[in-house]
Structure formats: structure tokens, C-alpha cells
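Report on the structure
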Amino acid sequence: MRLTERAIELPALASAHSHAFQRGMRGEAQRPGPSGADDFWSWRSAMYALAESLTPESIHAISKVAYRELRAAGVRTVGEFHYVHHQPGGAPYADRTVLADAVIEAAREEGLRIALLRVVYARAGAGRAPEGAQRRFSDASLDAALADVEALRARYAGREDVRVGVAPHSVRAVPPAWLGEIARYAAERGLMVHMHVAEQPAEIEACLAETGRRPVELLAERGVLGERFVAVHATHLAPHEPALLGAARAFACLCPTTERDLGDGLPDVGALRAAGARLCVGIDSHVITDPFEDMRGVELGERLRTGRRVTLRGEGGATPAEALWEIGSQRGAEACGFADPGGSISVRRDAPALAMVREERLLDAVVYSGSPSMVEGSPAPSGPPAH
Ligand SMILES: [Zn+2]
């Protein structure tokens, strides 16, 4: 952190888990559905309807809106967990990666670095072929999916602002037999591997029924865990599972604003940190664009879960706010395959939220009380920008 007369300069933020197209359903899933039983799975039905409708042009346009808002909020790096690949019905486009290319281009145009995490998806669940919108996500074979990863790697090989990784969607959508192969493929090439892990109890029950293993146990057994593995959510872990992630030096990417919107539950942040898992955060569903809220949500959720305050200690005497900023910037960039946060952002010292805050507590106030409107270059809530 560096203080100037007008600003607090801080490492740029990183949002390591995004589905940019879901920005297109903002405001559309906040009323009771016809079944009256609203949960993650009914939300997913609404999301699938949007996924069914996407075209190369619309995914590009929606992604630009999503990324522009992220950029204005202080984010410079996004991990895009990209799973809409094919035409409605599942036939590939003539240019197989046209949708991934549209998303990458949107990030470039809006001034973000991007890790395009090409999702591998195969089924609706154990023994069930893909259904409905899932056909757009699915590949007939693992070879076909990995050929697309190879095509993307070749296309963006010279681009400093693009990383390509591979993302087995979840234990629900990827058969166990593919997991080891994906891990080997990624390890040989030094690629990041991102995966939804233990977001919903139903996923864990299905995994136990199919394999006799919980999701993290299965990933450990198949050699998927490692320093380049990012477990997204890690919400419903058994007490011994954080240690499996920590021993592998894996990342856990928490998405507090989406997880609360979807009613996912609260992860055991204390256990993940104690085990040595590296934490980062992601916007995920774009229900709200507030990386400050995602960052502090890591610790505030832990307060709700444990009934305690100030639950997070930084390494080497770092304050909780310093530790959270590290989670929100450097760790997220690393989870996307970048060495550093890619520059700095400036927070306006004359922001109303910082009035009366002592200089030595500025970062605490920025992290626990700040919002995207404090970031220089973001649209001011009223009146002209400060510069
Ligand atoms: Zn996700």
C-alpha cells in the first residue's frame, strides 16, 4: 500500500472465478419460481435458459458489460470458467472455439487479463447423458475437449494478457475415469486446473453413491490435487478434506456474494487456512459486482459461521485487512496463472466512506467498509470524477 495526498495505491484486484454470461440474468432470479421451492437447482434452470439462448455475438456483448463493471471496480485479472462451447443441440461451431474467443476478446477490449479455463463437461450426472442446455457444454470425448484446449493455447501463445487452463466442471459432470487423464494432461503442460468442488450437498451424496468417495477424496485419489489446482467453493468439506487440499498446496476459491445468493452455505475458512490451502475469491455468477464484498465476505462469513469476530490472522503479523487484500489480489492472480496482480489501483481518499478514518486505519476501512465507487476511474455515484 502506498499513500499519496489524494489516493491509496493498492495491488490490483483479481476475480479468479467468473461466468461472465450470467451477468445477463441479473435481476431475473430474485422472485419466487413456479414450484415455490427455490434453491440452487431452480436457479440453475433459469441460468440454463440463458445459456441456451447465447450466440457468439451476445456472449461477447454480455461479457463486455460484465468485464467493464469489474474493471471499474478495481479488478485487472479474471478467471473465466467457460463452459458454453457448442451450438444449441450440441453440434460444434465450424470454428470450434468461437465462443471462447468472443469472451477472451471481450476481456481484452475492456482492459482485463484473462485466464480462459476451458471447461470439460460430459454428462448430467452418473450414467446420465447431457440434457437440454448441457448439450452446449458437452464433448463427445475427452480428446475432443482437450483438442480445443490445445487450439486455444496455440492461438494465444504469444499473448501476455491471456492464460489458458483446463476445468473439469465438477464430479457430477465429469466421469471419474477422465479426472486422472485431465490431471496428467495439465501437469505435463503446466496448466492451471479449476473445478467446482463440494458446492452443494447433493453433489457429495451423488459422488459417494457413484464412487464411494467424497469429491475431495476422489480428486486426491486420482492425482488431481496440486499447486496448480483451484477448488472453487469448497463449501461442504468433511473435517479431513481441507488437509488434502492444504497438503497439495492447492487453492480454494471462495465466491461469497454468489454463494450467499444461491444459498450454498458457508465454507470453513479457518480449517482451509490452517491446513495451508491458498485462498482467493471470485465473482462467479455476477449477481453483484463488488470485489470488496467478495474479499471481506471471506472473513465476515466466518464470523457468522463461528459466532466470533476478527477470525483471520495474516502471516508475519499482517493485519486481517492486509491478509484479505492479498487474498483478493495476489492469490487470485496466481490462481489464474499470473505471477503478480498486474499493476495497481487507486482508491480515492476523499471517498465519503473514508471520512473521519485515521490514516493508520485506512486499509482496514477500505477492506471492511469500502465499495467499488471508491476506485479511481470508476463512475462516480454523483457529480463528476474527482480528477
Ligand atoms: Zn461457478
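Because the structure is predicted, anything quoted here is derived from the model rather than measured.

Thresholds applied
Residues numbered from 1 in each chain as written. Predicted model: local features only at pLDDT ≥ 70, side-chain atom pairs only at ≥ 80, totals over all residues. Heavy atoms only, no water. Helix = DSSP H or I, 4+ residues; strand = E, 2+ residues; numbered from the N terminus. Buried < 20%, exposed > 50% of the residue type's maximum accessible area, 1.4 Å probe, protein only. Contact = heavy atoms within 4.5 Å. Core = buried A, V, L, I, M, F, W, Y, C linked by side-chain atoms within 4.5 Å. Axes fitted to C-alpha atoms, helices over the stretch in contact; angles between N-to-C directions. Parallel < 35°, antiparallel > 145°, perpendicular 65-115°, else oblique. Left-handed = near helix turned anticlockwise from the far one by under 90°. Nonpolar A, V, L, I, M, F, W, Y, C, P; charged D, E, K, R; others polar. Donors = N, O, S within 2.8 Å, 3.2 Å for Na, K, Ca; no water. Tetrahedral: all angles 85-135°; square planar, octahedral: opposite > 155°, others 65-115°. UniProt positions renumbered as here; feature names shortened; annotations may be inferred. Phe/Tyr/Trp six-rings, centres within 6.5 Å; stacked < 30°, edge-to-face > 60°. Lys NZ or Arg CZ within 6 Å of the ring centre and 35° of its normal.

Quick notes on the environment of Arg213
Inspection of the secondary structure assignment puts Arg213 in the loop between α7 (201-211) and α8 (215-221). Its relative accessible area of 33% is what places Arg213 among the partly exposed residues. For Arg213, the contacting residues outside a window of four places in its chain are Cys207, Leu208, Leu218 and Glu221.

Here's the deal with the nonpolar core
One finds Tyr67, Phe229 and Trp325 to be the most contacted residues of the largest nonpolar core, which totals 121 residues. Here Trp325 is in contact with Leu10, Pro11, Leu13, Phe292, Met295, Gln330, Ile345, Leu363, Val366 and Val367, once residues within four sequence places are set aside.

Quick look at the packing of helix α5 (residues 142-155) against helix α6 (residues 176-189)
Angle between the axes and distance between the axes: these two values describe a pair of packed helices. Interhelical geometry of α5 versus α6 gives an angle of 20° and a closest axis separation of 11 Å. Classified by the angle between their axes, α5 and α6 sit roughly parallel to one another. Between α5 and α6 the crossing geometry is right-handed. Across from Leu142, Leu146, Val149, Glu150 and Arg153 in α5, the residues of α6 making contact are Trp178, Glu181, Ile182, Tyr185 and Arg189. Here the contact of α5 with α6 is built from residues that sort into six nonpolar, no polar and four charged.

A short note on the environment of Leu272
Note that Leu272 resides in helix α11 (residues 269-275). For Leu272, a relative accessible area of 0% puts it in the buried group. In the structure, Leu272 is positioned 34 residues away from Thr306 in sequence and 14 Å away in space, judged by C-alpha atoms. Ignoring any residue separated from it by four or fewer positions in sequence, one finds Leu272 in contact with Ala234, Leu237, Pro242, Leu245, Ala252, Leu254, Ala277 and Leu279.

Focus: the coordination of the zinc ion
For the zinc ion, the full set of protein donor atoms is His17 (NE2), His19 (NE2), His196 (NE2) and Asp284 (OD), at a range of 2.1 to 2.8 Å. Given four donor atoms and angles of 81 to 171° at the metal, the environment of the zinc ion is assigned as irregular. Of note, the zinc ion draws all its donor residues from one chain, in the sequence arrangement H-x1-H-x176-H-x87-D. Here Asp284 lies in the loop between β10 (278-281) and α12 (291-306) and His19 lies in the loop between β3 (13-18) and α1 (40-53), a separation of 265 residues in the sequence.

Some remarks on the environment of Ala231
Along the chain, Ala231 falls in strand β8 (residues 229-233). Here Ala231 falls in the buried class, since its relative accessible area comes to 0%. Spatially, the C-alpha atoms of Ala231 and His196 are 6.1 Å apart, while their sequence positions differ by 35 residues.

Quick word on the UniProt feature "domain: Amidohydrolase-related" (unreviewed entry) in the protein chain
The UniProt record marks residues 10-354 with the feature "domain: Amidohydrolase-related" (unreviewed entry), using the residue numbering of this structure. In residues 10-354, the share of helix is 42% and the share of strand is 16%. The end C-alpha atoms are 15 Å apart.

Topic: the packing of aromatic side chains
Overall, the coordinates contain seven aromatic pairs when judged by the stated rule. For the ring pair Phe21 and Tyr83, a centre distance of 5.7 Å and an interplane angle of 80° mean the geometry is edge-to-face. In this pair, Phe21 sits in the loop between β3 and α1 while Tyr83 sits in the loop between β4 (75-82) and α3 (98-109), placing the two residues 62 residues apart along the sequence. The class of Phe21 is buried, set by a relative accessible area of 4%. What links up through ring pairs into an aromatic cluster is the set Phe21, Tyr48, Tyr83, Tyr121 and Phe137. For the cation-ring pair, Arg113 lies above Phe338, with the distance from its terminal atom to the ring centre recorded as 4.1 Å. Just above the ring of Phe251 sits the side chain of Arg278; from NZ or CZ to the centre is 3.9 Å.

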